[in-house]
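Structure assessment
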Amino acid sequence: MASHGARGRGGGRPTLEEVAARAGVGRGTVSRVINGSPRVSDVTRAAVEAAVAELGYVPNTAARALAANRTDAIALVVPESETRFFAEPYFSDMLRGVGAAISDTEMQLLLIFAGSDRERQRLADYLAAHRVDGVLLVSVHADDPLPDMLARLEIPAVISGPRSAEETLTSVDSDNYGGARQAVEHLVGRGRRRIAHITGRLDVYGAQRRVDGYRDALRDAGHPEDDLMIEAGDFSEEGGRRAMAALLERHPGLDAVFAASDVTAAGARHALREAGRRIPEDVALVGYDDSAIARHMDPPLTSVRQPIEEMGRRMIDLLLAEVADRRPAASRELDRRQVVLATELVERTSS
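About the thresholds
- Residues numbered from 1 in each chain as written.
- Predicted model: local features only at pLDDT ≥ 70, side-chain atom pairs only at ≥ 80, totals over all residues.
- Heavy atoms only, no water.
- pLDDT = per-residue confidence, 0-100.
- Contact = heavy atoms within 4.5 Å.
- Pairing = 2+ DSSP bridges.
- Helix = DSSP H or I, 4+ residues; strand = E, 2+ residues; numbered from the N terminus.
- Axes fitted to C-alpha atoms, helices over the stretch in contact; angles between N-to-C directions.
- Core = buried A, V, L, I, M, F, W, Y, C linked by side-chain atoms within 4.5 Å.
- Buried < 20%, exposed > 50% of the residue type's maximum accessible area, 1.4 Å probe, protein only.
- 1 Å grid on protein atoms, 1.4 Å probe; cavity = no way out; pocket = protein on both sides within 12 Å on 5 of 7 lines; lining within 4 Å.
- Points joined across faces, edges and corners; volume = space filled by probe spheres on them.
- Nonpolar A, V, L, I, M, F, W, Y, C, P; charged D, E, K, R; others polar.
- Expected span 1.5 Å × (residues − 1).
- Polar contact = N/O pair within 3.5 Å; in protein donor to acceptor, adjacent residues only side chain to side chain.

1. Examining the confidence of the model for the protein
Overall, the predicted model of the protein reaches an average pLDDT of 87, with 89% of residues at or above 70. Predicted confidence for residues 1-7 stays below pLDDT 50, and this span has eleven contacts to residues more than four positions away or in other chains.

2. A word on the sheet that holds strand β2 (residues 108-113)
What the six strands build is an open sheet, ordered β2-β1-β3-β4-β5-β11; its pairing is parallel. Because the sheet does not close on itself, it has two edges, and the strands there are β2 and β11 (338-341). Going from strand to strand, the sheet's axes swing by 20° on average, the running direction of each strand aside. Where strand β3 (residues 134-137) meets strand β4 (residues 157-159), three bridges bridge the pair, whose relative direction is parallel. From the neighbouring strand, L137 faces β4, where its bridge partner is I159. In the packing of helix α15 (residues 308-324) onto the sheet, contacts are made with β1 (73-78), β3, β4, β5 (170-174) and β11, and the angle to β5 comes to roughly 170°.

3. What about the nonpolar core?
One finds V184, I195, Y214, M244, L254, V257 and F258 to be the most contacted residues of the largest nonpolar core, which totals 39 residues. Counting residues per element, the ones that place at least two in this core are α10 (176-189), β6 (195-198), α11 (205-220), α12 (237-250), β8 (256-259), α13 (262-274) and β9 (284-289). Leaving out residues up to four positions away in the same chain, I195 has contacts with V184, L187, V188, Y214, L218, M229, D255 and A256. Among the nonpolar cores identified, the runner-up in size contains 25 residues, and F91, M94, V138 and L318 belong to it.

4. Remarks on the sheet that holds β6
Reading across from one edge, β7-β6-β8-β9-β10-β12 is the order of the six strands in this open sheet, with mixed pairing throughout. In this open sheet, the two edge strands, each paired with only one partner strand, are β7 (230-231) and β12 (344-346). Where strand β10 (residues 302-305) lies against β12, three bridges are found, and the strand directions are antiparallel. Bridging from a neighbouring strand, R305 pairs with E344 of β12.

5. Re empty space enclosed by the protein
One pass over the full model with this rule turns up one cavity of 30 Å³ or more. Of all elements in the fold, only α7 (89-102), β5 and α11 reach the threshold of two or more residues within the lining of the largest cavity. When the residues that make up the lining of the largest cavity are grouped by side-chain class, the tally is twelve nonpolar, ten polar and seven charged.

6. Considerations on α11
Its 16 residues give α11 an end-to-end C-alpha distance of 22 Å, which sits within 8% of 22 Å, the value for a rise of 1.5 Å per residue. The set of residues buried in α11 consists of Y205, G206, A207, R210, V211, G213, Y214, A217 and L218. If you follow the buried residues of α11, they end up packed against α10, β6, β7, β8 and β9.

7. Brief notes about the side chain of E167
Following the sequence through the fold, E167 ends up in the loop between β4 and β5. Residue E167 is classed as buried on the basis of its relative accessible area, which comes to 11%. A polar contact of 2.7 Å, which involves the side chain of E167, links it to the side chain of R163. Side-chain polar atoms of E167 contact the backbone nitrogen of L169, separated by 2.9 Å. Discounting chain neighbours no more than four positions away, the residues touching E167 are I159, P162 and Q338.

The structure is reproduced here in structure tokens:
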């Protein structure tokens, strides 16, 4: 019976030595087979694998990690509140992509919120103890101290979008500038002439780039720039509602709105309907993210699709490469990468 083979000579878990004795090889050879080393013959590998199966041997990954000065753990750090994390589809899509990529490894994924000063201090203490091999940072603001802290601790890190054009950490982002241009060019092509923009949080570089894309697309179309057609939002639904109300008060004749997220667009839609504006007959509406919100909105929302799950997968790939890189931190900095993935406009009936 298999249950008999899962016990070692002393009645406990089978040991590496017992596997070696069963296979008729040395302990080091068993270790090489378990760790996937190519320096083992096919015959020897088959003998070791048979012994592992017969004894029910399970490698002690904790001991292996300790010996390699590794924890086999990755932290996904979100410098936002839990409320915002669970309210915005962006975060769940990112988590899905990260989870799918890490499931093919032996790494454990830790989800850590760091939206308050107390949470950040607790995180700093946790990371200073080197309890994780690397960190993924999602939703990073320009003044966020976490990236610099990670650099000081020499902990490998990848962030979802650079803090600025001079970012020093490896980052993965979508083409925020190009996506915004796609949205505005679409509205211009539909004959809209008074196009407003509700921004995201402007301490987020991606939101700044969406404003740049909006401005340049209007300029290239020969439309006059008007700062009063731009209203600051914060990626939230309530922020979108407030911003839309302010825009309508200043420009009651506006005929299109590009919102920096689908959640923001949902808030804008409420304000437009409260003001008696029909979508898209009176005001065309375009969002950003192409989340489930876009598909289920009434009317369905035209939105810029950014490949959020793919961003999560690429972040894991880059982080694991940094974790495996044993060079000094100063040498690794020379290979920092800024990955930008393409966006796509998904047209629906809101525009």
